[in-house]
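The chain contents come next:
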Amino acid sequence: MKQALTYLMDEICSGAEIYFTGRTGGQYLKTTFILCDDYTELVSKLFLLLDDSGWTDKKNSNRFKNYHDVITEVNDVVSSKVPSALERITELQDSMQQRRKRRNDFFHSTSLLDLNVTQRNCVEAFCDLLEYGELLMGEEWRVALQAVRNLETMAVILQLERLAFSDPSITTKVNQILCTWPRNTTKVKARGAHVAEYPEDLHLRLCVTCGGKGLRDKLLALLPK
């Protein structure tokens, strides 16, 4: 089951990479939003499997349990084992179920195919997902997150983006860190190079990829303690 958590975390990392690849132009916001909704259901199911290896996502009738069935079962386990976390988990689930309804509208109502998904929708969905997983799985979740590519750094940036919705000065502070971050080469080749400057997505992705813990620590310092 721990291996399954590693696979899931790798998928979540891919979803975050898709978001940051097309954030500026908004090309992949709806795709990211839908993927993030899928991840919330997978996190819930994996939590139930980690709690009970005999758990199944099928009913006695052999039909699959729906999203709301799974959420209810998660709450039953949390109520008996981690009651102190139930209130916050329920708050997160309420938001997730609203997103599930919105996501379903994309597919079941053709009149809503042009419905916009904003950057804020995606950021809040990812931040809720990451908090939800940590509340449910604790240390196992944190260890798996730290082990997958640059997800830990992207998680910090997502938190900063959410904070920037209420405190725009955060964006300026992040930009100041990224625009001065050293490049991994000292000079640009005459041919075959593409130079990007923040806030372009390519530059951000390269900073995250090459920045490692040093960049993450500088960004983390911007979050409230």
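Our subject is the structure listed above.
So, a few notes on the structure that sits alongside this text. Everything numeric here is computed off the predicted structure, so don't read it as measured data.

## Concerning the overall build of the protein
Then, number 1: Along the backbone of the protein there are 9 helices and 0 strands.
Then, number 2: The order of helices and strands in the protein, counted from the N terminus, is α-α-α-α-α-α-α-α-α.
Then, number 3: The buried share of the protein, taken over its 225 residues, is 40%.
Then, number 4: Taking the intrachain contacts of the protein between residues at least 6 apart in sequence as the baseline, contacts between residues at least 24 apart amount to 75%.
Then, number 5: For the protein, the exposed surface amounts to about 12,700 Å²; the carbon and sulfur share of it is 51%.

## Focus: the pattern of salt bridges
Then, number 1: Evaluated as defined, the whole model comprises 21 salt bridges.
Then, number 2: Ionic pairing is found between Glu131 and Arg88, a salt bridge with its closest N-O pair at 2.8 Å. Of the two residues, Glu131 is situated in helix α5 (residues 119-137) and Arg88 in helix α4 (residues 86-108); the sequence distance between them amounts to 43 residues.
Then, number 3: Overall, Glu131 belongs to the partly exposed group, its relative accessible area being 26%.

## Things to note about unusual backbone geometry
Then, number 1: Even without a glycine there, the phi angle at Asn62 is positive, about 75°.
Then, number 2: Mapped onto the elements, Asn62 comes out in the loop between α2 (29-51) and α3 (67-81).
Then, number 3: A relative accessible area of 52% places Asn62 in the exposed class.
Then, number 4: In this structure, Arg149 takes a positive phi of about 35° despite not being glycine.
Then, number 5: Considering the arrangement of structural elements, one finds Arg149 in the loop between α6 (139-147) and α7 (151-164).

## Observations concerning the packing of aromatic side chains
Then, number 1: Counted under the stated rule, the structure contains 1 aromatic pair.
Then, number 2: Aromatic side chains Tyr19 and Phe20 sit 4.9 Å apart centroid to centroid with 65° between the ring planes, which places their arrangement in the edge-to-face category. Taken as a pair, Tyr19 and Phe20 share a single burial class, namely buried.

## Examining helix α1 (residues 2-21)
Then, number 1: Here α1 spans 29 Å end to end across 20 residues, near enough to the 28 Å set by a 1.5 Å rise per residue.
Then, number 2: For α1, the complete set of buried residues consists of Leu5, Leu8, Met9, Ile12, Cys13, Gly15, Ala16, Glu17, Tyr19 and Phe20.

## Details of the nonpolar core
Then, number 1: Among the nonpolar cores identified, the biggest contains 63 residues, and Met9, Ile12, Tyr132, Leu136 and Trp141 are the most heavily contacted of them.
Then, number 2: Looking at this core element by element, the count peaks at 10 residues for α5.
Then, number 3: Non-local contacts of Leu136, meaning those with residues more than four positions away in its chain, are made with Val43, Phe47, Val74, Val78 and Ile89.

## Some thoughts on the state of the cysteines
Then, number 1: Counted by the stated rule, this structure contains 0 disulfides.
Then, number 2: Considering cysteine sulfurs only, Cys207 is the nearest to Cys179, which forms no disulfide, with 9.3 Å between them.

## Quick word on the packing of helix α8 (residues 169-179) against helix α9 (residues 201-220)
Then, number 1: Direction vectors running N to C along α8 and α9 enclose 105°, while the axes themselves pass 10 Å from each other. Judged by the inter-axis angle, α8 sits roughly perpendicular to α9. Contacts between α8 and α9 involve Val174, Ile177 and Leu178 from the former and His203, Leu204, Cys207, Leu215, Lys218 and Leu219 from the latter.
Then, number 2: Of the residues contributing to the contact of α8 with α9, the split by class is 7 nonpolar, 1 polar and 1 charged.

Rules of the game
Residues numbered from 1 in each chain as written. Predicted model: local features only at pLDDT ≥ 70, side-chain atom pairs only at ≥ 80, totals over all residues. Heavy atoms only, no water. Helix = DSSP H or I, 4+ residues; strand = E, 2+ residues; numbered from the N terminus. Buried < 20%, exposed > 50% of the residue type's maximum accessible area, 1.4 Å probe, protein only. Contact = heavy atoms within 4.5 Å. Areas by Shrake-Rupley, 256 points an atom, 1.4 Å probe, with all protein chains shown as cover. Salt bridge = Lys/Arg side-chain N within 4 Å of Asp/Glu carboxyl O. Phe/Tyr/Trp six-rings, centres within 6.5 Å; stacked < 30°, edge-to-face > 60°. Expected span 1.5 Å × (residues − 1). Core = buried A, V, L, I, M, F, W, Y, C linked by side-chain atoms within 4.5 Å. Disulfide = S-S within 2.5 Å. Axes fitted to C-alpha atoms, helices over the stretch in contact; angles between N-to-C directions. Parallel < 35°, antiparallel > 145°, perpendicular 65-115°, else oblique. Nonpolar A, V, L, I, M, F, W, Y, C, P; charged D, E, K, R; others polar.

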